Every structure is written in C-alpha cells, then in structure tokens.
Amino acid sequence: MYKKRVIKAVMIIMAAVCFMTACAQKPDSEERGGIRVAVGGNEYQESQTGEGGGESQSGEAKPASDDASLPDSGSPENDPIESSGLSSDREISEILAACADTRIEQTITAADGTLLSISADVNVEGITRVSQYEYVLEDITEERRAALFESVFPETADQAEYDEMNDVWTLDIDSAIRNYFLYQISYSNGGATIPGEQIIVFENRYYDLYPFEDNRLGSVSDSRINTSLDGAEDICRRVVEAITDTGDYAVDFIHAYGNNGRRPYLKLVYKRMLDGMPVTAYNDLALLFDNEGIEKVSGSLFSVKDTGLEGTILSPDEAVWKLQEQAAFLNFEGAGRVSASEITLEYVVVISADGKILVTPVWRFLLGEDGDERNFQRQKILGVDAVTGELIWEERGNTL
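Note that the structure is predicted; figures quoted are calculated from it, not measured.

Asks: Describe the overall build of the protein, with residues and values.
Replies: Of the regular secondary structure elements, the protein holds seven helices and 19 strands. Counting every position in the protein, which comprises 400 residues, the buried fraction comes to 41%. A total of about 22500 Å² of accessible surface is found on the protein, and carbon and sulfur atoms cover 50% of it.

This is the structure in structure tokens:
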C-alpha cells in the first residue's frame, strides 16, 4: 500500500513538471494583423532535413553546451535576413493560396456620395511569386527605330527619310495626298508620368482616328474592323516583339472605336509580364489598328531590378479595409453607383514619397459589372498598394 502511494505521488509530481514546461514554451504561431505568422524555434526545426534526406525530429531540440558545436551564424540557413525573406515568401504563398474560391461583398461610400459596390471574386491565377522592383528607364535606340520600321513596313522601310533639323523620320505612303508616317521620340506633356522618360511615337499623319471617349464602343464585339481580334493581335504582337527584347509582353486589353460613322479602329495595349502579373506603367505600349493595318505605335520601354520585399503583403480583406479607410479620397463624379466585380493582384509603376520609381504589387478592384465593362474601364486603376496600403485611384494611358 505504501509503494502505491509513493508511485502515485511521483506520477503527480511528474505531471506537474510537464504541465509547467508546456506552459513555458512559446506558441508556434500567433495572429498579426489578421495573418498567422510563425514564431519561436519550432518553425525552423520542422523545415530541416536530417542526413540522407530524412526529416529530423522537431521535438528533439538540443540545448547548447560546452561540448556542442554552435551553428555558423554566417551560413545561409541561419542568416536572419534570408530567414526573414523565406518567412515572408511563405506568408505571401499562404495569402495567395487562401484566395482560392474567395468572394468579397462590400459597399463603400465615396466622398461624392457614390456607392462603390464590391461583389467580386479574388483572382490570383497564374501568379508565380510576388516581389518589388526598381523601374529602370531605357533609351529608344536607333536599332529599335529601325526594327520598328522594318516590322510595320518590311518592303519599304529602307525608304524612310531622316530630318536632322527636326530630329524626326518620315515614310511616305501616298505623297500626292500627304499620307505619310512620322516617327519621333517624345516626352509626356500631360498627367502623372515619369520625368524624362522617352516615348516612341510612330503614327500615320493623314487619318484622324479621333481617340476620344465619345468615339469608343462599349464592346469590342461591335467593332467594324475586317480583321478578327486574334488576327489584329497577331500582327501587333510581331511589332511589339521586334522593338522589345524580353519576350514577356502580352496584350492586356483591346478597345474598339468608331461611333457615329467615324473611321473604325482598334486600340491594343500590351504590357510586360512579371511573375505572372501584368505591369501597368505610365506609358504602356499601345497600337492603333484599322482596316489598312497599323496606324500608330506609342509607348515607353523599361527594364527592372528586383529589390525584393522587406515583409509580407496585405491580404484581399485587408486591402478592402484600407480602401474603405481612404474612401474620403474617392470621387466618382457623382456616378451614383459604381461596381467592382473582380479583384486581382497586379504590378503597377508608382513613384514613392522619396522619389523612387517602383514596380509594386497592387490589389486592383476592376470596375464594371461584367467582362465588357471591366475591359472598357481597364485603364482606370482603383487599387490599394499591397505593401504600403496606400490608395491608388487614377487613369493611365492618356498622357500624350
């Protein structure tokens, strides 16, 4: 009987010690701003593999001792900066994974009283990673000028003439009626843009294509162009590939023009793709195409330098909260009600408060109730910077 009481007492003491030890251990994760973040040492231990490729036992944490060799603080797996980057990548991957089958319903009142009705699926399909880049300006070289002429007019490109006094090139189509193409390097003279950025302008000076809002059709299916959309995209893509050397440009949207009997044409906007996302710059490559073929090519070229992210990004829910928080800066000019029917993560070129030109991830709220309306309003950016949480509400593509 005495032995049983001793054994029972020992068992009680051991249970108490185990309970106190468990209470003293740090949790594996905690909530930070609505996102579960790994903390403590367990996350690191679980990610390690033993010799031969087998998983190590995460519960066998060994205390440091005089005999134990300390890990090399300079090794990559123990570098706090790199470990932080890996943690951020993991958190971003979790945010993107959580977007699957996510739909957000929210109504926000703008400063002018307009109701912004968000009834949107979150679409992050095709995104391979999320980072931040430095936007690097590129000069328009003579080699690119020659490639442009050759791609649009393969049989007559060598007939182009250079006007040294005005620093322009011209190519006659029909000199009797002064139908000719003019090429020059221009600079933006209106709207927000990047100071000093060179812009290609290669256009037919004979036809008035009237690029204003009242000439734009509600749907590209109403276009009166003889060439199919796929056919026009194929022709324009060859020109884009001729003047770029990255091989990662894709058509982002197509607008159709030709109201009230005006000359019909298409506007095709191409954007560079990074990490599976389009980059919306200040002067994206835009081509105007009518029944005669390409009538205008304009836009800037750029390169990027990957600078990485110091932390994670906002989730879609957090982006909506940030949008509502800054609703006082939204003005839809008394539209009454505006719809956003899709939320995507994209790259947008912005100028930071300290003057840096960045390609940064942005949660975009695509305006419109269906595909046609979203396409029609594609140049309007309503978004939240996924890094800083700042509101972006502006229109791109009309700075010339």
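Okay, back to it.
Asks: Break down the packing of aromatic side chains for me, citing the residues and quoting the values.
Replies: Counting across every chain of the model gives 14 aromatic pairs. Where F149 meets F202, the ring centres are 4.8 Å apart and the plane angle is 45 degrees; that geometry is what we call tilted. Placement of the pair is F149 in helix α4 (residues 142-152) and F202 in strand β9 (residues 199-204), with a sequence separation of 53 residues. Considered together, F149 and F202 belong to a single accessibility category, that of buried residues. Ring centres 5.0 Å apart and planes at 55 degrees place the aromatic pair F332 and W393 in the tilted group. Of this pair, F332 sits in the loop between α6 (316-325) and β16 (337-351) while W393 sits in strand β19 (residues 391-395); the two residues are 61 residues apart in sequence, bridging distant segments of the chain. For F332, a relative accessible area of 10% gives the class buried. Three or more aromatic residues joined by ring pairs form one cluster here, namely F149, F153, Y162, W169, F181, Y183 and F202. Over the ring of Y207 we find R263, and its NZ or CZ is 3.6 Å from the ring centre.

Asks: Residue-level account of the nonpolar core, with values.
Replies: In terms of nonpolar packing, the biggest core is built from 80 residues, with L116, I118, L323, L345, W363 and F365 touching the most fellow members. Ranked by residues supplied to this core, first place goes to β16 with six residues. Once residues lying within four places of it in the same chain are set aside, the contact partners of F365 are I118, A319, V320, L323, A340, E342, I343, L382, G383 and V384. Core analysis: the next-biggest nonpolar cluster, separate from the first, contains six residues, V350, L358, V362 and I381 among them.

Asks: Give me the lowdown on the pairing of strand β18 (residues 380-385), citing residues and values where you can.
Replies: On a regular strand, one side chain projects to one face of the sheet and the next to the other, so that they alternate. Most of β18 is tucked away: five of the six residues are buried. Relative to β18, strand β17 (residues 357-367) is paired through three bridges, and the arrangement is antiparallel. Bridged to V362 within β18 is D385. Where β18 and β19 come together, five bridges link them in antiparallel fashion. Considered in β19, the bridge of G383 is made with I392. Counting the residues between successive antiparallel strands, the hairpin from β18 to β19 contains five residues, one of them, G389, with a positive phi of roughly 80 degrees.

Asks: Before we move on, can you summarise the environment of N166 with the specific residues and values?
Replies: Inspection of the secondary structure puts N166 in the loop between β6 (161-163) and β7 (168-174). At 2.7 Å, the side chain of N166 forms a polar contact with the side chain of D163.

Asks: Please provide a residue-by-residue account of the environment of T360, values included.
Replies: By the secondary structure assignment, T360 is in strand β17. The sequence separation of T360 and D385 amounts to 25 residues, and the corresponding C-alpha distance is 7.2 Å. Once you skip the residues sitting within four places of it in the chain, T360 turns out to touch Q132, E346, Y347, V348, V350, D385 and V387. At a separation of 2.9 Å, a polar atom in the side chain of T360 contacts the side chain of Q132.

Asks: Mind laying out a negative patch on the surface, listing which residues take part and the relevant values?
Replies: Side chains of D222, E369, D370, D372 and E373 sit close together on the surface and give a patch of like negative charge. Within the element layout of this structure, D222 appears in the loop between β9 and α5 (229-243). Here D222 falls in the partly exposed class, since its relative accessible area comes to 48%.

What counts and what doesn't
- Residues numbered from 1 in each chain as written.
- Predicted model: local features only at pLDDT ≥ 70, side-chain atom pairs only at ≥ 80, totals over all residues.
- Heavy atoms only, no water.
- Helix = DSSP H or I, 4+ residues; strand = E, 2+ residues; numbered from the N terminus.
- Buried < 20%, exposed > 50% of the residue type's maximum accessible area, 1.4 Å probe, protein only.
- Areas by Shrake-Rupley, 256 points an atom, 1.4 Å probe, with all protein chains shown as cover.
- Phe/Tyr/Trp six-rings, centres within 6.5 Å; stacked < 30°, edge-to-face > 60°.
- Lys NZ or Arg CZ within 6 Å of the ring centre and 35° of its normal.
- Core = buried A, V, L, I, M, F, W, Y, C linked by side-chain atoms within 4.5 Å.
- Contact = heavy atoms within 4.5 Å.
- Pairing = 2+ DSSP bridges.
- Polar contact = N/O pair within 3.5 Å; in protein donor to acceptor, adjacent residues only side chain to side chain.
- Patch = residues over 30% accessible without salt bridge, like charges linked within 9 Å, V, L, I, M, F, W, Y side chains within 5 Å.
- Salt bridge = Lys/Arg side-chain N within 4 Å of Asp/Glu carboxyl O.
- Lys, Arg positive; Asp, Glu negative; His and termini not counted.
- Charge placed at Lys NZ, Arg CZ, Asp CG, Glu CD.

So, to be careful, I would describe these as geometric facts and stop short of saying anything about function.
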